[in-house]
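Given next are the chains, with one letter for each unit.
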Amino acid sequence: MARSVAERTNGDGDERADRADERRATIRLAVGYWAAVFISSSVLWGIAGTDPIESAPGKVVWLSIGALLSFLLTKLLSKTLHRALWLQAAVAFLLSLIAAPLYAVVDYLIYVACMYPQEAPFDQGSFAYVLIYGMSLFFGWCCLFLALRYSFALREGERRMAALREQALSAQMRALAYQVSPHFLFNTLNSMAGLIEEGANESARSMVMRLSAFLRHTLAIDPTDDLALEEEIALQADYLAVESTRFSDRMHVVMEVTDDVKATRVPPLILQPILENAVKHGVGATRGMVELVLSAKRKGETVVIRVENDAPRTDIGKLPDGMGIGLRNVADRIAARFPGQAILESGHIAPGRFAVTLILPLELPPEMR
């Protein structure tokens, strides 16, 4: 699927910012490198008996030419940045080998200018020394530049991997969230069909209107954007209003949510599969009045959300048939959203009493922490 305009714009902006950062880092590295060369050569020449002050103008010109040559080497070396490392090293060595004689010639010309009007004899040994010295300088610079560029390439790769992981997580969250709607719609349509068969047309009409309101709210939600817990509970109140049309005489809903957790962020529709299970396997499978309790409270830096309902007793450790799919969906979603920080627990807490508990990190707005 093609990326949106906003995603492309953000991606292009990140790439431009990375290139600008790389240019600034290269300039800083070059300034530091040649400044270090200037200082070290002044110290060494001073030890050898040359006055550092008198030789400074010549060294400035000499090193300025060296910096210019290193800039040209950098531009040429940049053409090989997507090649193999051994090839980059070979090109760096070859370019340094070409630049070194030029540098040695410049050094000799500066020497001639400094000796004028006296004659400046050509010393082959000194020329060879400067040749080797220049080769070392340029190859050292090329290696530093390649290391710098590699670090930026590594950072760019990490950024792209993070973006890919985020996209994969977003796709996973969407897929898990979209599993909820068809399941709920299927159950609701079955309930409507049952009401119509029973001749309860007014109840069926009421259910259709409530279903319409519920779908209007849920379809406006982005499955990857968290909701405040109070918004999630409001959505589930709409869902329970749909189901209450069918079980109005047998379903008693209690909501106990403390004020200090209402603003915490949770994945949208995370409670719906749990409530669907409570209605289907609790209210739908039990004769007589069934109590359904939805509670949420703070515990340290977590929020504990529990859904309890009266339900037929099953074997210990065994879930009613069909319940595991919805709970597995919830478990997968909270594991993807809160890696290693979320817990889902389920089971009978008393004879004929079933509970599902979610323990999620407390994510409150800064002003409420």
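Keep in mind the model is a prediction, meaning the values are calculated, not measured. (Residues numbered from 1 in each chain as written. Predicted model: local features only at pLDDT ≥ 70, side-chain atom pairs only at ≥ 80, totals over all residues. Heavy atoms only, no water.)

Details of the overall build of the protein chain
Inference 1: Counting secondary structure elements, the protein chain contains nine helices and seven strands.
Inference 2: Expressed as a percentage of the 369 residues in the protein chain, the buried residues total 37%.
Inference 3: Taking all contacts inside the protein chain whose residues are at least 6 apart in sequence as the whole, residues at least 24 apart take part in 75%.
Inference 4: Looking at the protein chain as shown, the accessible area adds up to about 21200 Å², and 61% of this sits on carbon and sulfur atoms. (Helix = DSSP H or I, 4+ residues; strand = E, 2+ residues; numbered from the N terminus. Buried < 20%, exposed > 50% of the residue type's maximum accessible area, 1.4 Å probe, protein only. Contact = heavy atoms within 4.5 Å. Areas by Shrake-Rupley, 256 points an atom, 1.4 Å probe, with all protein chains shown as cover.)

What to know about the environment of Phe93
Inference 1: Positionally, Phe93 belongs in helix α3 (residues 85–115).
Inference 2: Between the C-alpha atom of Phe93 and that of Phe139, which follows or precedes it by 46 residues, the distance is 6.0 Å.
Inference 3: Here Phe93 is in contact with Met135 and Phe139, once residues within four sequence places are set aside.

Overview of the UniProt feature "transmembrane region" (unreviewed entry) in the protein chain
Inference 1: When the UniProt feature table is mapped onto this chain, "transmembrane region" (unreviewed entry) is found at residues 29–48, 60–78, 85–106 and 126–152.
Inference 2: A distance of 26 Å separates the end C-alpha atoms of residues 60–78, which is 95% helix and 0% strand.
Inference 3: For residues 126–152, the helix share is 100%, the strand share is 0%, and the end-to-end C-alpha distance is 39 Å. (UniProt positions renumbered as here; feature names shortened; annotations may be inferred.)

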